[in-house]
Each structure stands twice: as C-alpha cells, then as structure tokens.
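Descriptive structure summary
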Amino acid sequence: MSLLRRRKQQQPPPPSPGDDSNGSDHDDKDKDKGNGKKPAEEQPSSSASGPPSKEAGRRAKAKWSCVDSCCWLVGCVCSSWWLLLFLYNAMPASFPQYVTEAITGPLPDPPGVKLQKEGLQAKHPVIFVPGIVTGGLELWEGHHCAEGLFRKRLWGGTFGDVYKRPLCWVEHMSLDNETGLDKPGIRVRPVTGLVAADYFVPGYFVWAVLIANLARIGYEEKNMYMAAYDWRLSFQNTETRDQTLSRIKSNIELLVATNGGNRAVVIPHSMGVLYFLHFMKWVEAPSPMGGGGGPDWCAKHIKAVANIGGPFLGVPKAVAGLFSSEAKDVAVARAIAPEMLDSDFLGLQTLRHLMRMTRTWDSTMSMLPKGGDTIWGGLDWSPEDGFECKSKKQKTNDSEVSKDVHGEPVEVHPEPVNFGRMVSFGKDIAEAAASNIEQIEFRDAVKGNNLAHSNTSCRDVWTEYQELGWGGIKAVSEYKAYTASSIIDLFNFVAPRMMQRGSVHFSYGIADNLDDPKYGHYKYWSNPLETKLPNAPKMEIFSMYGVGIPTERAYVYKLSPQAECYIPFQIDASAEGGDENSCLKGGVYMSNGDETVPVLSSGYMCAKAWRGKTRFNPAGSKTYVREYNHSPPSNLLEGRGTQSGAHVDIMGNFALMEDIIRIAAGATGEEIGGDQVYSDIFKWSEKIKLKL
C-alpha cells in the first residue's frame, strides 16, 4: 500500500494545452499498451473520496452517441403510443361522451334514435351514390412491382402501399392517356357493397354515420344499396367497361320490387350528383347508347333525389387542380417548401406525377365550370358582387362599423372583388378595372421551342406543358385574366390531348334548344344546362349543402421560375388582401360555400333553373334548397362536428341526416319544411340572365 501511495504522489500533473503532444507521457502509455496494461490514469482508483476529473466526465459524455439519442426517442414514442393505446382500449365506451357532456351539457340523441322514438320506420329503399375519391378501388391485375397486392385497396383504406412504392402506385392509378380506360396489364376496379365508401380511411367516415342512423329505423342491406363505380372514368365509360349504369338500373328495379313497390330515394354526394344526373338520362334513352328504360322509368322508380354538396355547375377548384395541380392548401405548401413539390425531391417530382395521373382521370373534367360567363360572371361582374368575406368573429350585420381614434363611428365598406376573373395573372390584374386590362389573344399563338426535350429529367415525367414552350407560356400569361368561358379555351391550348379525350364525354355550354337531336348524345347528359329533367312530376329534387365556409372561387397566378421543365404556372400564395376580412387569402379569392363547392354551383338549379315548370324541368318536378349553416365542433372530443357544413363532414350533420331519414321514411319536401336558406342564393340567382 505504501508503494502504491508513493507512485500516486509521484505522478506528474496533466499537461497543459500548450505542452508538447509528443512528450514522454505518451511513450509511457504506449509501453503500457504494449504490455496489455491500461495507463495509470485509466486504472480504477482504490480511493473513493477523490472527485472525478474533467477528462473522465468528457469521456462519459462521449459514450452517448446520436444513435443512442435516436433509439431513446423511438423508444419514448413507442412507449407513449402503447400506453395511449392501452388506455384507449381500457377506457369505457361512454367516457368521451361523458367528458363532452360535462363540458357542453347533455348531447341530443342521434337522428336515428330520435326518429325511432317518434315511430318512424324504413319505407323507401335507399341508394347511395358516392362522389369522386371517396369510393375504394382495388387491384385485380398489375405489373411486377405490384406483386402481393391482389385485391388490396390502392385507394381508400390505409394507403400503406403508397409509401412503400409510390411510383408503382401512380402507374396503377393512372389510366391510358389515349383511351381513358385501363392501361395494358392493369385492372383496378371499384370495391363493392356498403364498405366501398362507408369510411375513406379508418376513422374518417363518409357514409358510415348515415348508414348507422338509417339502421336505427329498420334499414339493412336488403333495402340499401351503394352504387359504387370507378370514379376515375368518364361516366359513359363506367358502362362501357364495367356495365355500372346497367347494374344500378337492375338494383333499383330489384329494390323497388322487393320493398312493396315503394319508389327509391337516391342520395348522391359530390360528383355522384353529376353521375346520377347522367344516369337519369341514360336509363331512359334507347339502347345501345342508353339503358332502354323508356320515358317513364324515373317516374316509376324514383321518389326523391337528395343531392348532397352537388357541383351542378362545376367548381373553380377543378380549374386549379388541372391547371397547376394545386388548391389553396397545396399552394401554401408549395410556397413554404418549393423544393419538395417543384424539384426532383427524392426523385419523386411530386406535382408533376400528380398532374400526369389526375389528367388521365376523365371524371375530373366533368367538374369544370359550366354555363360560361352567363353563370359565373365576366371581367367586370359576377352574381356574388357585394359579398362580404367577414371573419367568424364579426357579426353578420348589413355593414361593418368601427370607431376611429376620436371615437366616431366609421362605416367600413368591403373591398370590391372580381369573382368573374377565375384566373388572373397578378394581383394588380385581379383588382384592375376591366377597361384597363389589355389582353393579348392566346388562342392562335404559336407555341415556342421545346427546350425541355433536351432535359432527361423532364422526359421522365412528361406532361403536356413540355410541349408548350416559352412562346406558349408567355402567350397564356399575357392574356392576363380568364373568365369561365375562356377557361375552356385555355385548357384546349395548354392540354389539347386531355381536352380532346374529355370533349367526347363532357360539354360546358348552355343549350339554346333542348329539343335539338344533338342533345341526345351522352356528352350533354351530366350538364344540367344542356339536358332536361326526366318526365317525373311526382319526383322531388333536393339540393342539400353547407354554407358559411370560405370556398375557393378565383385565383391569382404567377409564372413558375422553372417553367420550361416544371409546371410553368402556380398560385401566387403571397397575394393577400388588405385585412382579415378580405376575400383574398394566399392567392385565392374565397366566396360562400362548403369549402369545396360554391353556393352558386350547388344552389342555382334548384333555386331558379329547375324551380317550377321551365325548359330544363318541363314536368315541373318540385325542387327544394336545404342549406346547413356551418358550426365547427366545440371541442376535440366532438370529432368532426354534428353541425358541420364542410363538404364531407356534412355527412355527419344531425340536421341533414334527420331530413334524409324523414324523406326515406315517406315525408315530402313540404313536410320537412320546404326551403331552408342562409345564403343569398335567391338574390344571386336573379342576377343570372338565363332564358328559362
């Protein structure tokens, strides 16, 4: 012990930073290492009383690597997840309702329970017609990259396979660019049954809540039918490829026959509204183009059509989607992180792949605005002129009143908005007087040299923009402002292949003479301004939609900096209005609607064009407008809200479900209260000068 103590006393002090690094200490350490011994300072000391040196502390810290941090983080997340999952499964089913009622007071009975107590029972068979993207699609045949996905959902469900093989998924979800049908070696088909569209993804309901409430008064699969179809195809092609229209006809006839002859109540949602409008003309038209049901088929088989969130006259959102693969939220994300969406991020070229895929879906062209400037307005007017985009905090009085610094009341006038300019290149163009806009014609412009052919990256994801060239891009931007009429010409210029294929199936005008034999062609059947309602005077038509949510109506665009290779146009997310009550938010002018479909598109046909006996409704079928004022959920436990007016969330709106259940149980439009209106749809309809 004395020898060990003496050696410890003779150890030299640690070298200072300025000492020579090649000193004898290192030589001693090397000798110790050669003998298999640790240096003296690394050997454990028998004295426990001495404090650890700074060098030892540094070594201890150095042992904790970034891999350890990652493992620790993953472990914490997994542990937290399993704990929350355990608590969720252990929690009584009534606990969320208990907490919600403790905060907001007792909740009302769900519509099905309420109407069951009133004695309502199932009467009329119910047909659901889902809209675009909400119906599931599954794989029946695919390429080698889709091995193991037979009859797995490519759309709807968990989307797990999208993350594993995104390019393979895009390839299988795309249709043939020439035919609008399947690509060779690929068969993707709609899921059948009520499960086809009850939930979009687990936990996100579409039809599930309505189905559950209908079941409360006695409905089941024998008197309900989900008219699932491949929503990517043009409407007539669903019959050509899958005989979907014939299946819907047969199932409605079967349900009517097996339910005591009671006519069916049809409930289409979103694009399903246009699809069923097409069906009603198809089923009565003679074969082979139509179903051969005869002119009285709808009168015999349909009691009511309750359209939910119907884009009868199209949606401006479809313009932005096809023009630049954007909507308001995508435009904001593109402005924040352009490298992820515009560039070859991880080789995905996100927006260009999205455009290449969606432009093969002919159904998207059914939702381009219909009726041109007559319906949507021109450069200097629109039906919604004078609409005030007040924030939710503001009271909905006739005029806003504030106080100046001296306390005097000052009337605040809303800024003028030119909703008729559906696409404007620059905020200054969107706000300028129509007489000050100098438009340079683009329709006959010569498209510029195609520089993109030399770029391999551009050829990897080919869109029609690569054929436009700088000359064409410049011509489009110099026209400056586009109305609903010129939008169709714009797409014919920038996407001629898409429009050539789509023009066979859809039309966007207004018929001068509905008795003209040309309107017997199926391309006109989904346009309510170019076709007549069936000869069914006892059939009722409802237009049911949400209001009170800012909805995309017009866009401010700019040229993309990488125009020659990438999508050359993008929404100018930096374009903002003057204050919080401005209609201009992130390059998008907002109007009233359900967040997707403006009021004008959902309400005009039932409010005026079909109201009474008109040339579009010669039989005088009764029409009703039922609006549902949006009220967001009061707390997180309420989920998506029982008073929501949003485009999909409205399917869980208690008031809407109650109306539908009453109609299915036998009530008429008058018995549920007739029109229910919160917007200015009747005032706006009067501004539209359309011969009726």
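Predicted model only: the values in this text are computed from it and were never measured.

Some thoughts on the nonpolar core
Within the largest apolar cluster, 174 residues are counted, with the highest numbers of intra-cluster contacts made by Phe-128, Trp-207, Phe-279, Phe-323, Phe-491 and Val-494. Top contributing element to this core by residue count: helix 12 (residues 271-284), with 10 residues. Look past the residues within four positions of Phe-128 in its chain and what remains in contact with it is Leu-194, Trp-207, Leu-210, Ile-211, Leu-214, Met-224, Tyr-225, Met-226, Ala-227 and Ile-267.

Details of the packing of helix 9 (residues 208-216) against helix 25 (residues 654-664)
Here helix 9 crosses helix 25 at 45°, and the two axes come no closer than 10 Å. The orientation of helix 9 relative to helix 25 falls into the category oblique. For the pair helix 9 and helix 25, the sense of crossing is right-handed. Where helix 9 approaches helix 25, its residues Val-209, Leu-210, Asn-213 and Leu-214 are matched on the opposing element by Met-657, Ile-660, Ile-661 and Ala-664.

Focus on helix 11 (residues 244-257)
The end-to-end C-alpha distance of helix 11, which contains 14 residues, comes to 20 Å, matching closely the 20 Å that a straight helix rising 1.5 Å per residue would cover. Listing the buried residues of helix 11 in full gives Thr-244, Leu-245, Ile-248, Lys-249, Ile-252, Leu-255 and Val-256. On an axial view of helix 11, the arc spanned by its buried residues comes to 145°, and they lie on one face. Elements in contact with the buried residues of helix 11: strand 1 (126-129), strand 7 (224-226), helix 10 (235-242), strand 8 (264-268), helix 12 and helix 13 (297-301).

Points about the packing of helix 10 against helix 11
Packing of helix 10 against helix 11 brings their axes to within 6 Å, and their N-to-C directions diverge by 85°. Of the possible angle classes, the one that applies to helix 10 and helix 11 is roughly perpendicular. Where helix 10 approaches helix 11, its residues Phe-235, Gln-236, Thr-238, Glu-239 and Asp-242 are matched on the opposing element by Thr-244, Leu-245, Ser-246 and Arg-247. The residue inventory of the contact of helix 10 with helix 11, partitioned by class, reads 2 nonpolar, 4 polar and 3 charged.

Some details on the state of the cysteines
A complete count under the given rule lists 2 disulfides for this structure. A disulfide bridge connects Cys-145 with Cys-168, and the sulfur atoms are separated by 2.1 Å. Torsion about the S-S bond of the Cys-145 and Cys-168 cystine: about 80°, corresponding to right-handed handedness. On the criterion of sequence distance, the pair formed by Cys-145 in the loop between strand 2 (137-141) and strand 3 (153-155) and Cys-168 in helix 8 (residues 166-173) is long-range, its members being 23 residues apart. On the basis of relative accessibility, which here comes to 10%, the residue Cys-168 falls in the buried class.

Some thoughts on the confidence of the model for the protein
In the predicted model, the protein carries a mean pLDDT of 83, and 77% of its residues have values of at least 70. Note that pLDDT drops below 50 for residues 1-8; the model gives that stretch 2 contacts with residues more than four away or on any other chain. Note on residues 16-50: pLDDT is under 50 here. Beyond four places in sequence and across chains, it has 12 contacts.

Concerning a nonpolar patch on the surface
On the surface, Leu-83, Leu-84, Phe-86 and Leu-87 cluster together into a nonpolar patch covering about 430 Å² of accessible area. Looking at the element boundaries, Leu-87 is found in helix 4 (residues 66-90).

A closer look at helix 25
The buried fraction of helix 25 amounts to 9 of the 11 residues, a majority that puts the element mostly inside the structure. Along helix 25, the positions that sit buried rather than exposed are Phe-654, Leu-656, Met-657, Glu-658, Asp-659, Ile-660, Ile-661, Ile-663 and Ala-664. Capping the start of helix 25 is the job of one residue whose side-chain oxygen sits 2.9 Å from the backbone nitrogen of Ala-655: Asn-653. Of the residues trailing helix 25, Gly-666 is marked for its positive phi of about 120°.

Side note on the sheet that holds strand 8
What the 6 strands build is an open sheet, ordered 7-1-8-9-14-19; its pairing is parallel. At either end of the open sheet lies a strand with only one pairing partner, and these are strand 7 and strand 19 (623-629). Neighbour to neighbour, the strand axes of the sheet diverge by 15° on average, direction disregarded. Looking at chain direction, strand 1 and strand 7 are connected through 3 bridges and run parallel. Bridge pairing in strand 7 places Val-126 opposite Met-224. Sheet contacts for helix 12: strand 1, strand 8 and strand 9 (302-308); angle to strand 9, the most-contacted strand, approximately 150°.

Rules of the game
Per chain, residues are indexed from 1 in the order of the written sequence. Reporting in this predicted model follows two pLDDT cut-offs: at least 70 for local features of residues, and 80 or more for side-chain atom pairs to be given and counted; totals over whole chains, interfaces and linings ignore these cut-offs and use all residues. Excluding hydrogens and water, the side-chain figures rest on all heavy atoms present in the structure. What is meant by a nonpolar core is a set of buried Ala, Val, Leu, Ile, Met, Phe, Trp, Tyr and Cys residues, joined one to another through side-chain atoms within 4.5 Å. Each residue is placed in one exposure class: buried if its accessible area under a 1.4 Å probe, protein chains only, is under 20% of its type's maximum, exposed if it is over 50%, and partly exposed if it falls in between. A run of H or I in DSSP counts as a helix once it spans at least four residues, and a run of E counts as a strand once it spans at least two, with each numbered from the N terminus. Note on contacts: a residue pair qualifies if any of its non-hydrogen atoms lie within 4.5 Å across the two residues. For helices, the fitted line uses only the C-alpha atoms of the stretch in contact; every axis is such a line through C-alpha atoms, and the angle between N-to-C directions lies from 0 to 180 degrees. These descriptions rest on fixed angle ranges, namely under 35 degrees for roughly parallel, over 145 for roughly antiparallel, 65 to 115 for roughly perpendicular, and the rest for oblique. Each helix crossing is assigned a hand: it is left-handed if the near helix lies turned anticlockwise from the far helix by less than a right angle, otherwise right-handed if that turn is clockwise. In a helix, the anticipated span is given by 1.5 Å times the number of residues less one. What the arc covers is the set of directions going from the helix axis to the C-beta atoms. Any residue outside Ala, Val, Leu, Ile, Met, Phe, Trp, Tyr, Cys, Pro, Asp, Glu, Lys and Arg is labelled polar, Gly included; the first ten of those are nonpolar and the last four are charged. Pairs of cysteine sulfur atoms within 2.5 Å are identified as disulfides in what follows. Per residue, pLDDT measures the predictor's confidence, with a range of 0 to 100. Patches draw on residues past 30% relative accessible area with no salt bridge. Two like charges within 9 Å are joined, as are two nonpolar side chains (Val, Leu, Ile, Met, Phe, Trp, Tyr) within 5 Å. Using a 1.4 Å probe, accessible areas were evaluated by the Shrake-Rupley method; residue-level cover was limited to the displayed protein chains. Here a salt bridge means any side-chain nitrogen of Lys or Arg lying within 4 Å of a carboxyl oxygen belonging to Asp or Glu. Polar contact is defined as a pair of N or O atoms within 3.5 Å, subject to the rule that within protein one atom must be able to donate a hydrogen and the other to accept it, and that residues adjacent in sequence are counted only when both atoms are side-chain atoms. Strand pairing is defined by DSSP finding a minimum of two bridges between the two strands.

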